[in-house]
Amino acid sequence: MSIIEEQNEYINKIKKYNEEKNKKFKYYILTMGCQLNENDSEKLCGMVEKMGYEKTDNPNEADLILFNTCCVRENAEDKLFGKLGEVKKQKEEKGAIIAIGGCMMQEKHITDKINKSYPYYDLIFGTHTLYRFPEDLYKVILNRKKQEDILDIDGEIYEGLPIKRSDNQKASVAIMNGCNNFCTYCIVPYVRGRERSRKPEDIINEITSLASEGYKEITLLGQNVNSYNGENGVTFAKLLEKIVKIDGIERIRFISPHPKDFTDDVIKVIAENEKICKIIHLPLQSGSSNVLKAMNRRYSKEQYLNLVEKMKKQIPNVLFSTDIIVGFPGETEEDFEDTLDVVEKVKFEQVYMFIYSRRVGTPADKMENQIPEEIKHKRFDRLKELVEKQTEINNEKYLGTIQKVLVEGTSKNNAEMLTGRTESNKVVIFEGEKNLIGTTKNIEIIENCLWYLKGKILN
Ligand code: SAH
Ligand code: SF4
Ligand code: F3S
């Protein structure tokens, strides 16, 4: 029996066990962190729904409470501790099972803290043991005994886990796990392990079946997608070439590439294929060559700007989004101004801004020249101000243009309106019939509302 078949057996055992109780079992899941975690949560949902659990958004009515955690910054960690406090009653009064998984569980100081301060959990599992969740949960249910299932070695990639996707048109597909880059601020390589690429064939099969289910947009996921290294020498560029051939898929995105690995063959594939969205997420982190060096990013300010220029030349109308950290140890006023300078020059469509957060076990945490909180916050606010000003100006360029919009659903704030995204990932709100959901429409942009655009359907 294969490892996945074995886990399927456990799924069936739990299903049978729950059915005998003659009660509708419910589960609640809270996912923190990045899209890779979201994708892992879709797998967890797939497993527990096969066990017969029904999803609820209210932890107070759940029999199974799942937390999929993130530890990339301190505020992500605080969120878990707050939530664990909130669900204690549900456990004590109604016997709910509490299971905690994800990146945070790969950190010994965190599991120690949970064992000391929140000992009422039932199951802790890590990033390398997600596939074993059915077996671990079965042991909890049957023995009513706490389980801790964490591996420090890199787990294999297992294919064929059940999956319950959270969207009907857009789907994420992990192409690799882990990271080898060890940026000095980052905890990810320690909690996700080394890079392991999925087989090209498995990725293609997954996307082909998504296309046949009606999915239109695919986002390829990995901590460093352009160091993808599939079987038989399939590089990221070659993988993209295979994916664009899959009928039915209209849009392809990927996050995140690393600027140091952005090779010419990838630029060429993007330029030559209409399906690949012409907005590239290119994490900058800092605009200062000194800080970039201390971050171990392995590119300089000039190299980053040259790469952007090269891509602008070769990919007509290409746009960029980015991630920036402010307040890295040793960052001077001058360094910070270099970051502002790059932001002014590149004119990103979107900037994800973060205040540097010390992570136990990373080299940057041990650096002596930490920046005081107050300065970090002031710099963050200055960056935010610049980005907001730019977004406003940037959005103006959309006015009067015709954009291809993939219609995603009804607007959250107004059920009478439809919402969708442009290729550049801007939200557009417009009037239209619900049967348009899932199609791509030409929309004329008529108003700029800072965080979204208003449009009118053209036929
Ligand atoms: N592999 C991806 C990103 C992973 S984490 C990449 O290299 O781009 C997502 C973002 O979180 C990073 O790009 C970085 O901007 C931010 N980040 C990571 N560690 C951080 C830390 N210690 N403090 C603040 N932000 C951090
Ligand atoms: Fe972290 Fe750097 Fe790896 Fe991204 S590339 S996950 S920032 S170590
Ligand atoms: Fe967080 Fe883990 Fe993603 S630490 S950002 S959930 S890889």
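Procedures and definitions
Residues numbered from 1 in each chain as written. Chains lettered and ligands numbered in written order. Predicted model: local features only at pLDDT ≥ 70, side-chain atom pairs only at ≥ 80, totals over all residues. Heavy atoms only, no water. Helix = DSSP H or I, 4+ residues; strand = E, 2+ residues; numbered from the N terminus. Polar contact = N/O pair within 3.5 Å; in protein donor to acceptor, adjacent residues only side chain to side chain. Contact = heavy atoms within 4.5 Å. Core = buried A, V, L, I, M, F, W, Y, C linked by side-chain atoms within 4.5 Å. Buried < 20%, exposed > 50% of the residue type's maximum accessible area, 1.4 Å probe, protein only. Near = heavy atom within 4 Å. Nonpolar A, V, L, I, M, F, W, Y, C, P; charged D, E, K, R; others polar. Pairing = 2+ DSSP bridges. Axes fitted to C-alpha atoms, helices over the stretch in contact; angles between N-to-C directions.

Undergrad: Looking at this structure, how should I read the side chain of aspartate 261?
TA: Relative to the assigned elements, aspartate 261 resides in the loop between β13 (251-255) and α10 (264-272). At 2.9 Å, the side chain of aspartate 261 forms a polar contact with the side chain of lysine 260. Not counting residues up to four positions away in its chain, the partners in contact with aspartate 261 are Asn224, Asn226 and Ser227.

Undergrad: When you look at the nonpolar core in this model, what are you seeing that I'm missing?
TA: Note that soluble globular proteins tend to have their nonpolar side chains buried in a common cluster. Formed by 68 residues in total, the largest nonpolar core has its most connected members in Leu220, Phe254 and Phe262. The element contributing the most residues to this core is helix α9 (residues 236-244), with six residues. Look past the residues within four positions of leucine 220 in its chain and what remains in contact with it is Val173, Ile175, Ile207, Val225, Phe236, Leu240, Ile243, Ile252, Arg253, Phe254 and Ile255.

Undergrad: Could you clarify how one ought to interpret the site of ligand 2 in this entry?
TA: With respect to spatial proximity, the complete set of residues near ligand 2 consists of Cys179, Asn181, Phe182, Cys183, Tyr185, Cys186, Val188, Pro189, Gln223, His258 and Arg297. Partitioned by chemical class, the residues of the shell around ligand 2 number seven nonpolar, three polar and one charged.

Undergrad: Would you mind going over the sheet that holds strand β17 (residues 402-410) with me for this structure?
TA: Paired through their backbone hydrogen bonds, the strands of a sheet run either parallel or antiparallel. Spatially, β17-β18-β19-β21-β20 is the arrangement adopted by the five strands of the closed barrel, whose pairing is mixed. Going across the sheet, the axis of each strand differs from the next one's by a mean of 55 degrees, ignoring polarity. As paired strands, strand β20 (residues 440-448) and strand β21 (residues 453-458) are joined by six bridges and run antiparallel to one another. Within β21, the position partnered with glutamate 444 by the bridge is lysine 456.

Undergrad: Hey, could you run me through the pairing of strand β18 (residues 417-421) in this one?
TA: Looking along a regular strand, one sees side chains alternate from face to face of the sheet. Burial of β18 is extensive: four of the five residues sit out of reach of the surface. Two strands pair when backbone bridges link them, and β17 and β18 are joined in this way by four bridges, in the antiparallel orientation. Each bridged residue has a counterpart across the sheet, and for glycine 409 the counterpart in β18 is threonine 419. What sits between β18 and strand β19 (residues 427-431) in their antiparallel hairpin is a turn of five residues, with asparagine 425 showing a positive phi close to 75 degrees.

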